[in-house]
Amino acid sequence: MSPSKKIITLVTILVSFFLFSCGVSSTELEVGGEDGWVVPNSNKTHGYMFNQWASHNRFKVGDTIRFKYKKDSVLVVSEDEYKECKATKPQLYSNNQDTVFKLDRPGLFYFISGVSGHCEKGQKMIIKVMETESSPDSPPPSSSSFSSLPASTHKKSSALKTAVQFTSSGFVVLIVSVLVWH
């Protein structure tokens, strides 16, 4: 390989690393830490356990939260449904034991358990998603979504934090640099 090709390859690799580091980042947090999405078992935490957990974390648009549970469910509801612990028309419902929810807009999200009596015992949570600085050409947020992932695809952690950094232009630069290198 000629010296000029080596320099071009090195510059391309450095540019791709820069683009990856400037990419969009998001965080995934495991709701409730190691305990997961469970019915609070203490009168001290009754009604506050998950809101206390949420208040210790900072959420931004693009972050995801993972609900791990057994023989339960998680619902995204309105503020009134949250207060009443009764969902007549939940925005989303999942009961697959490992639910990932993407926080796709700023504002408040309300979650409750769908199992009778669990919400009243404190298995409910409000998450506030912070406004993010966006560029004028940023696309509008998409609709919220749950996704199902097999239990084996997640790591065991009290607050699973995964930085995801990716830009399409950085990916293209990386592929070009690999092709030039060979």
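All values derive from a computational prediction rather than experimental measurement.

**Q** Whenever I open this one, the overall build of the protein chain confuses me. Can you help?
**A** When helices and strands are tallied, the protein chain shows 4 helices and 9 strands. Reading the secondary structure of the protein chain in the N-to-C direction produces α-β-α-β-β-β-α-β-β-β-β-β-α. Here the protein chain holds 182 residues, and 36% of them are scored as buried. Relative to all contacts within the protein chain whose residues are 6 or more apart in sequence, the contacts with residues 24 or more apart total 79%. Surface exposure of the protein chain reaches about 11,400 Å², of which carbon and sulfur atoms provide 58%.

**Q** Whenever I open this one, the pattern of salt bridges confuses me. Can you help?
**A** Any two side chains of opposite charge can pair, given that their charged atoms come close. Applying the stated criterion to the full structure yields 5 salt bridges. Asp63 serves as the salt-bridge partner of Lys60, at 3.0 Å between the closest nitrogen and oxygen. The class of Asp63 is buried, set by a relative accessible area of 2%. Of the charged contacts, one joins Arg66 and Asp98 as a salt bridge, the two residues approaching to 2.8 Å between their closest N and O atoms. Remark: Asp98 occurs in strand 6 (residues 98-102) and Arg66 occurs in strand 3 (residues 64-68); sequence separation between them is 32 residues. Classification of Arg66 as buried rests on a relative accessible area of 2%.

**Q** Which parts of the structure should I look at to understand the packing of aromatic side chains?
**A** Where two aromatic rings form a pair, the distance of their centres and the angle of their planes describe that pair. Counted by the stated rule, this structure contains 7 aromatic pairs. Taking the centre distance of 6.0 Å and the plane angle of 55° together, the rings of Trp53 and Phe59 count as tilted. Residue Trp53 shares its accessibility class with Phe59, and that shared class is buried. Where Phe101 meets Phe109, the ring centres are 5.5 Å apart and the plane angle is 75°; that geometry is what we call edge-to-face.

**Q** I tried to follow the state of the cysteines on my own but got confused; where do I start?
**A** Formally, a disulfide is one covalent bond, and it connects the sulfur atom of one cysteine to the sulfur atom of another. The full count for this structure, using the stated rule, is 1 disulfide. Note that Cys85 is cross-linked by a disulfide to Cys119, the S-S spacing being 2.1 Å. In this structure, the disulfide formed by Cys85 and Cys119 twists by about -70° around the S-S bond and is classed as left-handed. In this pair, Cys85 is assigned in the loop between helix 3 (79-84) and strand 5 (92-94) and Cys119 in the loop between strand 7 (107-112) and strand 8 (124-130), connecting sequence segments 34 residues apart. Given the relative accessible area of 14%, Cys85 is considered buried. Its relative accessible area of 2% is what places Cys119 among the buried residues.

**Q** How should the sheet that holds strand 5 be read in this particular structure?
**A** Across a sheet, paired strands are connected by hydrogen bonds in the backbone, their directions being either parallel or antiparallel. The strand order across the open sheet built from 5 strands is 2-8-7-4-5, with neighbouring strands paired in mixed fashion. In this open sheet, the two strands that pair with only one neighbour each are strand 2 (59-60) and strand 5. Direction of pairing for strand 4 (residues 74-77) relative to strand 5: antiparallel, over a ladder of 3 bridges. The residue bridging Val76 from the neighbouring strand is Leu92, located in strand 5.

**Q** Sorry if this is basic, but what is going on with the environment of Leu92 here?
**A** The topology assignment puts Leu92 in strand 5. Distance in space between the C-alpha atoms of Leu92 and Leu75 is 5.6 Å, their sequence separation being 17 residues.

**Q** I keep staring at the nonpolar core and nothing clicks. Help me out?
**A** One broad rule of soluble globular proteins: the nonpolar side chains tend to lie buried together. Trp37, Phe59, Ile65, Phe67, Phe111, Met125 and Ile127 are the most contacted members of the largest nonpolar core, which has 20 residues in total. Only helix 2 (49-55), strand 3, strand 4, strand 7 and strand 8 provide two or more residues apiece to this core. Ranked by the residues each element gives to this core, the list is headed by helix 2, at 4 residues. Membership of the second largest hydrophobic core comes to 7 residues, among which are Tyr82, Cys85, Tyr110 and Cys119.

Cut-offs and rules
Residues numbered from 1 in each chain as written. Predicted model: local features only at pLDDT ≥ 70, side-chain atom pairs only at ≥ 80, totals over all residues. Heavy atoms only, no water. Helix = DSSP H or I, 4+ residues; strand = E, 2+ residues; numbered from the N terminus. Buried < 20%, exposed > 50% of the residue type's maximum accessible area, 1.4 Å probe, protein only. Contact = heavy atoms within 4.5 Å. Areas by Shrake-Rupley, 256 points an atom, 1.4 Å probe, with all protein chains shown as cover. Salt bridge = Lys/Arg side-chain N within 4 Å of Asp/Glu carboxyl O. Phe/Tyr/Trp six-rings, centres within 6.5 Å; stacked < 30°, edge-to-face > 60°. Disulfide = S-S within 2.5 Å. Pairing = 2+ DSSP bridges. Core = buried A, V, L, I, M, F, W, Y, C linked by side-chain atoms within 4.5 Å.

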